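The primary structure of each chain is shown beneath.
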Amino acid sequence: MDTENRPVLTGLVALVGVAVVIGLLGGLAVLVGVKATGIGESTGASADPSASATFRLPKPSETSTETTPEETTEPSAGAEPTSEAPATGISLSASQQSVSPMQQIDLTGTYQAGEGAILQVQRMENGAWSDFPVTMSVSGGTFATYVQTSRTGPNEFRVVDTDSDVVSNEVTVTVG
């Protein structure tokens, strides 16, 4: 083959040769990097899968249908009904009573019986509760989040447990 008469072919063969060498060197560099960082290696922690877990759900347990004395809510004679959440329910509070439009409204509360529960924030709209695009989880019996709204006037909020449908008390924040 006369390379002087075919310079394009000679250039393509040289280009392919250089590409193969660069590809091999790049692959070797990646292989060495993976080995050095330990990516893909199994560790001794695999014997205990919960050792590196960051989220754990409680194990299901049998529940009783009997009513315990704490669960009865019959008012005593002459007692007036209250709007407070029971000790096993959700208690919600808002840090601000009034805010400017789109100012942060801090919602906090307690839910002692709801460890790990996901709570959905709801707002009263046209006489019905509708989901606000905010959820949070209960940790240590407490929860906290914030909402922002541009809807002026009194805004009523509550939270609801997405699994058990337990609802909190309502809080009102005036926007505007």
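It should be noted that the structure appears before, not after, this text.
Residues numbered from 1 in each chain as written. Predicted model: local features only at pLDDT ≥ 70, side-chain atom pairs only at ≥ 80, totals over all residues. Heavy atoms only, no water.

## Thoughts on the packing of aromatic side chains
Summed over the entire model, instances satisfying the criterion amount to one aromatic pair. Note on Phe-132 and Phe-157: the rings are 5.7 Å apart at their centroids and 90 degrees apart in plane angle, and the pair reads as edge-to-face. With Phe-132 in strand β5 (residues 128-137) and Phe-157 in strand β7 (residues 153-161), the pair connects residues that are 25 residues apart, well separated along the chain. On the accessibility criterion, Phe-132 (9% relative accessible area) is buried. The class for Phe-157 is buried, based on a relative accessible area of 0%. (Phe/Tyr/Trp six-rings, centres within 6.5 Å; stacked < 30°, edge-to-face > 60°. Helix = DSSP H or I, 4+ residues; strand = E, 2+ residues; numbered from the N terminus. Buried < 20%, exposed > 50% of the residue type's maximum accessible area, 1.4 Å probe, protein only.)

## Regarding the sheet that holds strand β8 (residues 171-175)
Spatial strand order, β2-β8-β7-β4-β5: five strands in an open sheet with mixed pairing. Each edge of the open sheet carries a strand with a single partner, namely β2 (98-99) and β5. In this sheet, β8 lies alongside β2 in parallel orientation, the contact comprising two bridges. Residue pairing for β8: Val-99 is matched across the bridge by Val-175. (Pairing = 2+ DSSP bridges.)

## Considerations on the side chain of Asn-155
Considering the arrangement of structural elements, one finds Asn-155 in strand β7. Take Asn-155: its relative accessible area is 2%, and that puts it in the buried class. Separated by 3.0 Å, the side chain of Asn-155 and the backbone oxygen of Gly-153 make a polar contact. (Polar contact = N/O pair within 3.5 Å; in protein donor to acceptor, adjacent residues only side chain to side chain.)

## Examining the pattern of salt bridges
On inspection of all chains with the given rule, the structure shows two salt bridges. Between Glu-125 and Arg-123 there is a salt bridge whose closest N-O contact spans 3.1 Å. When the shortest N-O distance is used, the salt bridge between Glu-125 and Arg-151 registers 3.5 Å. Taken as a pair, Glu-125 in strand β4 (residues 118-125) and Arg-151 in the loop between β6 (142-147) and β7 lie far apart in primary sequence, 26 residues in all. Its relative accessible area of 25% is what places Glu-125 among the partly exposed residues. Residue classification places Arg-151 among the partly exposed positions, given a relative accessible area of 40%. Salt bridges sharing partners connect three or more residues here, namely Arg-123, Glu-125 and Arg-151. (Salt bridge = Lys/Arg side-chain N within 4 Å of Asp/Glu carboxyl O.)

## As for the pairing of strand β3 (residues 105-110)
By the alternation rule, side chains of β3 split into Ile-105, Leu-107 and Gly-109, which are all buried, and Asp-106, Thr-108 and Thr-110, of which none is buried. Pairing of β3 with β6 involves six bridges; the strand directions are antiparallel. If you follow Leu-107 over to β6, its bridge partner there is Thr-145.

## A few points about the nonpolar core
Membership of the largest hydrophobic core comes to 21 residues, with the highest contact counts inside it found for Ile-105, Leu-107, Leu-119, Val-121, Phe-143, Val-147 and Val-159. Elements with a minimum of two residues in this core: β1 (91-94), β3, β4, β5, β6, β7 and β8. Excluding its chain neighbours within four sequence positions, the residues that come into contact with Val-159 are Ile-90, Leu-92, Leu-119, Gln-120, Val-121, Met-136, Phe-143, Val-166, Val-167 and Ser-168. (Core = buried A, V, L, I, M, F, W, Y, C linked by side-chain atoms within 4.5 Å. Contact = heavy atoms within 4.5 Å.)

## Section: the sheet that holds β1
Taken in spatial order, the three strands of this open sheet run β1-β3-β6, and their pairing is antiparallel. Each of the sheet's edge strands pairs with one partner strand only, and the pair in question is β1 and β6. Averaged over neighbouring strand pairs, the angle between their axes works out to 20 degrees when direction is ignored. (Axes fitted to C-alpha atoms, helices over the stretch in contact; angles between N-to-C directions.)

## With respect to a nonpolar patch on the surface
A surface patch of nonpolar side chains, amounting to about 320 Å² of accessible area, comprises Val-8, Leu-12 and Leu-15. Topologically, Leu-12 is positioned in helix α1 (residues 7-37). For Leu-12, a relative accessible area of 47% gives the class partly exposed. (Patch = residues over 30% accessible without salt bridge, like charges linked within 9 Å, V, L, I, M, F, W, Y side chains within 5 Å. Areas by Shrake-Rupley, 256 points an atom, 1.4 Å probe, with all protein chains shown as cover.)

So yeah, pure geometry; function would need other evidence.
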